[in-house]
Amino acid sequence: MGLVDIFITQIGDPLRVILLAGVIALQPRLEGRLGRIPTLAAGLVLVALVIPLLFPNGNVWFLVAAAIGLVTNAIQMGVLLGIWTLVRRFKH
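This report concerns the structure included in the present document. (Residues numbered from 1 in each chain as written. Predicted model: local features only at pLDDT ≥ 70, side-chain atom pairs only at ≥ 80, totals over all residues. Heavy atoms only, no water.)

## Details of helix H4 (residues 62-91)
We apply this condition: For the purposes of this entry, the term helix denotes a DSSP run of H or I that reaches at least four residues, the term strand denotes a run of E that reaches at least two, and both are numbered from the N terminus. For a helix, the expected span equals 1.5 Å multiplied by the residue count minus one. Exposure is judged per residue with a 1.4 Å probe applied to protein chains only, and the accessible area is read against the type maximum: over 50% gives exposed, under 20% gives buried, and values in between give partly exposed. A contact between two residues is defined here by any heavy atoms of the two lying within 4.5 Å.
With 30 residues, H4 extends 41 Å between its outermost C-alpha atoms, agreeing within 8% with the 44 Å of an ideal straight helix rising 1.5 Å per residue. For H4, every residue scored as buried is listed here: Ala-65, Ala-66, Ile-68, Gly-69, Thr-72, Asn-73, Gln-76, Met-77, Leu-80 and Leu-81. Of the surrounding secondary structure, the elements contacted by the buried residues of H4 are helix H1 (3-11), helix H2 (14-34) and helix H3 (36-54).

Structure, rendered in structure tokens:
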């Protein structure tokens, strides 16, 4: 399995999107204690490490899957944060 195939598989993973949406939804509660950037960064890394650990792919090394997961998570989190910001802006 090539790197591009792994990336495409991870970018379309609904579990990854749900977990990242949960991180973004819980972030305001933790912002006062930890700050916004460390909270989001910890969630990004956590999701990137948990998914390959729970659902290993025998053809891909863990570190490769985690590294590509970091890139995938950063892209998806950027999109989700943009949507979250728009929803909050139009809601108020």
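Next comes the rest of the description.
## Brief notes about the nonpolar core
As a reminder of what qualifies: Among the buried residues, those of types Ala, Val, Leu, Ile, Met, Phe, Trp, Tyr and Cys that are joined through side-chain atoms within 4.5 Å form a nonpolar core.
Counting residues in hydrophobic clusters, the biggest one holds 10 residues: Leu-20, Val-23, Ile-24, Leu-40, Leu-44, Val-47, Ile-51, Met-77, Leu-80 and Leu-81. Mapped onto this core, the elements with two or more residues apiece are H2, H3 and H4. Ranked by residue count, the leading element in this core is H3, at 4 residues. Those residues in contact with Leu-44 that sit more than four places away from it in its chain are Leu-20, Leu-70, Asn-73, Ala-74 and Met-77.

## Focus: the side chain of Gln-27
Relative to the elements of secondary structure, Gln-27 occurs in helix H2. Of the residues examined, Gln-27 reaches a relative accessible area of 4% and is grouped as buried. If we skip the residues at most four places from it in the chain, Gln-27 touches Arg-36, Thr-39 and Leu-40.

It is worth stressing that arrangement in space is one thing and function is another; only the former is reported here.
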